[in-house]
Amino acid sequence: MFARTDPKIRAAWCSVVVSLIALGMKYAAWRVTDSIALYSDAIETIINVVSAVAGLWALRVASLPPDHNHTYGHYKAEYLSAVAEGVLVVITAITIAHEAWIGFQHMRAPQDSLLGIALNGGAGALNLGWGLFLLRLGRARHSPALVASGHHVLSDVWTSVVLITGFVLIPLTGFLWLDPLLAALIAVNVLRTGWEMMRASIAGLMDEAPNSETLGDIRSIISQTATGAMEAHDIRARIVGAMTFIEFHLVVPGAMSVEEAHHICDRVEDGLRAGLGDALINIHVEPERKAKHTGVLVLP
């Protein structure tokens, strides 16, 4: 049954498991070292677990078919999850910054640094592999929730790199202030990640237009597949999760039959779905006197 589940939902389940394993390793690293920096890293990983559970919920909701209350589907649930995750990340950053401030006031040397480095480094290696996988799968499946989780997990990897570097330097230099400084750097990095996640997700909720490359692909596909029509204008598009919404006006000769125009629309829709994946397409057919001569010219 698990093998037949949507790949995005399988990845979300695995994210929960991976985040729990990483949390266990980072908690152990903090317990053996009593380091403020590693404590801050463990706090961040708790948010990773919460985010993984929220992402799983969002993907399950987004996969539901349209119903009478949500006739366009539930795709925006992924954006809601990503925004919520961004808010949690910002709260985490504030918490870590507070711990760093306390650490500056009461500096102490970490204990058993080598074991702490090994545990934290192992969690970082696990997160590196998983984060890269989530980004690749999220982009391939057009999943904002998986992409946000991937970025969040990879931000954790950079945290581990900074922590390990610092833990090597602390015994060599004797600078105890490096421990709370590392915690402060973690807070800044977490805050940056949270802001980027919220910005991208809010753009999706606000129906921001796709990038110029995607719009260019849409125009090119229409031009090549709408043979028999004259032009397409007023092209608009938005991407919501894995679904692309496209609408435009298609100008055809005034004497063309409804059936002929319908065949052209079917051909265009098939081409757009073949090039872009899942798409909900709305084409308004117009006679040639409605041509604006400013849109996409159809290739003969």
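Residues numbered from 1 in each chain as written. Predicted model: local features only at pLDDT ≥ 70, side-chain atom pairs only at ≥ 80, totals over all residues. Heavy atoms only, no water.

By the naming in an unreviewed UniProt entry, the chain is Cation-efflux pump, taken from Komagataeibacter sucrofermentans. Recorded in UniProt for the chain, the comment headed Subcellular location (unreviewed entry) runs: "Membrane". (UniProt positions renumbered as here; feature names shortened; annotations may be inferred.)

A. Region of interest: the sheet that holds strand β1 (residues 231-240). Taken together, four strands build an open sheet; the order of strands is β3-β2-β1-β4 and the sheet is mixed. Only two strands of the sheet have a single neighbouring strand rather than two, namely β3 (279-287) and β4 (296-297). The pairing of β1 with strand β2 (residues 243-252) spans eight bridges and is antiparallel. Residue pairing across strands places A232 opposite L250, the latter belonging to β2. Its contacts with the sheet put helix α7 (residues 212-225) on β1, β2 and β4, and the angle it makes with β1 is roughly 135°. In this fold helix α8 (residues 258-276) packs onto β2 and β3, with an angle of close to 150° to the strand it touches most, β3. (Pairing = 2+ DSSP bridges. Helix = DSSP H or I, 4+ residues; strand = E, 2+ residues; numbered from the N terminus. Contact = heavy atoms within 4.5 Å. Axes fitted to C-alpha atoms, helices over the stretch in contact; angles between N-to-C directions.)

B. How the structure looks around the packing of aromatic side chains. On inspection of all chains with the given rule, the structure shows three aromatic pairs. Here the aromatic rings of W30 and Y39 are separated by 4.9 Å at their centres, their planes lie at 45°, and the arrangement is tilted. Among the residues examined, Y39 registers a relative accessible area of 27% and is labelled partly exposed. Clustering of aromatic rings is evident, with ring pairs tying together Y27, W30 and Y39. Stacked on the ring of F245, the Lys or Arg R238 has its end atom at 4.3 Å from the ring centre. (Phe/Tyr/Trp six-rings, centres within 6.5 Å; stacked < 30°, edge-to-face > 60°. Buried < 20%, exposed > 50% of the residue type's maximum accessible area, 1.4 Å probe, protein only. Lys NZ or Arg CZ within 6 Å of the ring centre and 35° of its normal.)

C. Region of interest: the domain arrangement of the chain. Here the chain is described as being made up of domain 1 (7-206) and domain 2 (212-297). Between the C-alpha centres of domain 1 and domain 2 there is a distance of 42 Å. Between domain 1 and domain 2, the contact holds eight residues from the first and nine residues from the second. Where domain 1 abuts domain 2, roughly 710 Å² becomes buried across the two surfaces, and 64% of that area is made up of carbon and sulfur atoms. Contact with domain 2 buries area across many residues of domain 1, yet Y72, Y75 and H142 alone supply 65% of it, more than any other trio. Our count for the contact surface shared by domain 1 and domain 2 stands at zero residue pairs in polar contact (both at pLDDT 80 or more). (Domains from an automatic or database assignment. Buried area = accessible area lost by both parts, 1.4 Å probe. Polar contact = N/O pair within 3.5 Å; in protein donor to acceptor, adjacent residues only side chain to side chain.)

D. Structural context of helix α2 (residues 36-62). Taking 1.5 Å of rise per residue, 27 residues should cover 39 Å, and α2 covers 39 Å from first to last C-alpha, within 8% of that figure. The element α2 is extensively covered by neighbouring structure, given that 20 of its 27 residues are classed as buried. (Expected span 1.5 Å × (residues − 1).)

E. Inspection of helix α1 (residues 7-33) at higher detail. Between its terminal C-alpha atoms α1 stretches 39 Å, which fits the 39 Å expected from 27 residues at 1.5 Å a residue. Just past α1, the residue D34 takes up positive phi, approximately 55°.

F. Here's a closer look at the nonpolar core. One finds I218, I222, I246, F248, L250, V268 and L272 to be the most contacted residues of the largest nonpolar core, which totals 22 residues. Contributions of two or more residues to this core are made by α7, β1, β2, α8 and β3. Sorting elements by how many residues they give to this core places α8 first, with five residues. Once residues lying within four places of it in the same chain are set aside, the contact partners of F248 are I222, A232, H233, D234, I235, V268, L272, I281, N282, I283 and H284. Core analysis: the second largest hydrophobic core is formed by 16 residues, L38, V89, I117 and A148 among them. (Core = buried A, V, L, I, M, F, W, Y, C linked by side-chain atoms within 4.5 Å.)

G. Layout of the UniProt feature "transmembrane region" (unreviewed entry) in the chain. Here the UniProt-annotated "transmembrane region" (unreviewed entry) positions come out as residues 12-30, 36-59, 79-102, 114-135 and 147-169. Secondary structure content for residues 147-169 is 100% helix and 0% strand, while the C-alpha to C-alpha distance between its ends is 34 Å.

H. Expanded view of the pairing of β1. Where β1 meets β4, two bridges bridge the pair, whose relative direction is antiparallel. Note that in β4 the partner of A232 across the bridge is V296.

I. Highlighting a nonpolar patch on the surface. Side chains of W101, I102, F104, M107, V162, F175, W177, L181 and L185 sit close together on the surface and give an oily, nonpolar patch of about 800 Å² of accessible area. Looking at the nonpolar patch, the elements that each hand over two or more residues are α3 (77-105) and α6 (178-205). If one sorts the elements of the nonpolar patch by residue count, α3 sits on top with three residues. Topologically, M107 is positioned in the loop between α3 and α4 (113-140). (Patch = residues over 30% accessible without salt bridge, like charges linked within 9 Å, V, L, I, M, F, W, Y side chains within 5 Å. Areas by Shrake-Rupley, 256 points an atom, 1.4 Å probe, with all protein chains shown as cover. Salt bridge = Lys/Arg side-chain N within 4 Å of Asp/Glu carboxyl O.)

J. Expanded view of the side chain of T225. Within the secondary structure, T225 sits in helix α7. A polar contact of 2.7 Å, which involves the side chain of T225, links it to the backbone oxygen of I221. With near-sequence residues (within four places) excluded, T225 lies in contact with R267, V268 and G271.

K. Focus on the pairing of β3. Pairing of β2 with β3 involves nine bridges; the strand directions are parallel. Within the sheet, the bridge partner assigned to T244 lies in β3 and is A279. For the segment spanning β2, α8 and β3, crossover handedness is right-handed. (Right-handed = clockwise from strand over helix to strand, strands pointing away.)

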